[in-house]
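Breakdown of the fold
So the chains spell out like this:
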Amino acid sequence: MSSGNTNNKSAKKNIRFPHEMIEEIESYIEQEKLINKNANFSAWVLDACEQKIRKEKRRRNTKE
């Protein structure tokens, strides 16, 4: 069964954002594009998720 939502490296996940948050993120992306022309919403969200994962790993490691 082929759904088009997955490939070998990634999967699609739908998420709802508050309108205000989207506007704020897009504003930061526009500023970032002055330095990095490849800046986009997906990359911005992935970066935020990676930072959160690193933070959680550090927090868990300090509890052990």
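Quick look at the structure, then. (Residues numbered from 1 in each chain as written. Predicted model: local features only at pLDDT ≥ 70, side-chain atom pairs only at ≥ 80, totals over all residues. Heavy atoms only, no water.)

Re the overall build of the protein
A tally of regular secondary structure across the protein gives 2 helices and 0 strands. The globule rule puts the C-alpha radius of gyration for 64 residues at 11 Å, and the 16 Å found for the protein is more than 25% above it. Residues counted as buried form 6% of the 64 residues belonging to the protein. Accessible area of the protein: about 6500 Å², with a carbon and sulfur share of 51%. Averaging the positions of the 14 positive and the 10 negative side-chain charges in the protein gives two centres separated by 9 Å. (Helix = DSSP H or I, 4+ residues; strand = E, 2+ residues; numbered from the N terminus. Rg over C-alpha atoms; globule rule 2.2 N^0.38 Å. Buried < 20%, exposed > 50% of the residue type's maximum accessible area, 1.4 Å probe, protein only. Areas by Shrake-Rupley, 256 points an atom, 1.4 Å probe, with all protein chains shown as cover. Lys, Arg positive; Asp, Glu negative; His and termini not counted. Charge placed at Lys NZ, Arg CZ, Asp CG, Glu CD.)

Side note on the pattern of salt bridges
It is possible for side chains bearing opposite charge to pair when their charged atoms get close. Counted by the stated rule, this structure contains 3 salt bridges. For Glu30, the salt bridge is made with Lys33, and the minimal N-O distance between the two is 3.8 Å. You can see Glu30 and its partner Lys33 sitting in helix H1 (residues 19–33), 3 residues apart, about one turn around the helix. In this structure Lys33 comes out as partly exposed when scored by relative accessible area, which is 36%. Its salt-bridge partner being Glu56, residue Arg59 comes within 2.7 Å of it at the nearest N-O pair. Taken as a pair, Arg59 and Glu56 lie in helix H2 (residues 41–63) at a separation of 3 residues, close to a single helical turn. One continuous salt-bridge network, built from bridges that share partners, spans Lys52, Glu56 and Arg59. (Salt bridge = Lys/Arg side-chain N within 4 Å of Asp/Glu carboxyl O.)

Regarding the layout of surface pockets
If you add up the space inside the largest pocket, you get close to 340 Å³. Class assignment of the residues belonging to the lining of the largest pocket gives a composition of 6 nonpolar, 2 polar and 2 charged. (1 Å grid on protein atoms, 1.4 Å probe; cavity = no way out; pocket = protein on both sides within 12 Å on 5 of 7 lines; lining within 4 Å. Points joined across faces, edges and corners; volume = space filled by probe spheres on them. Nonpolar A, V, L, I, M, F, W, Y, C, P; charged D, E, K, R; others polar.)

Details of the packing of aromatic side chains
Think of a pair of aromatic rings as described by two things: how far the centres are apart, and how the planes are tilted against each other in angle. Per the stated rule, a full pass over the model turns up 1 aromatic pair. For the ring pair Phe17 and Phe41, a centre distance of 5.4 Å and an interplane angle of 90 degrees mean the geometry is edge-to-face. Of the two residues, Phe17 is situated in the segment before H1 and Phe41 in helix H2; the sequence distance between them amounts to 24 residues. Taking the relative accessible area as the measure of exposure, Phe41 reaches 27% and is therefore partly exposed. (Phe/Tyr/Trp six-rings, centres within 6.5 Å; stacked < 30°, edge-to-face > 60°.)

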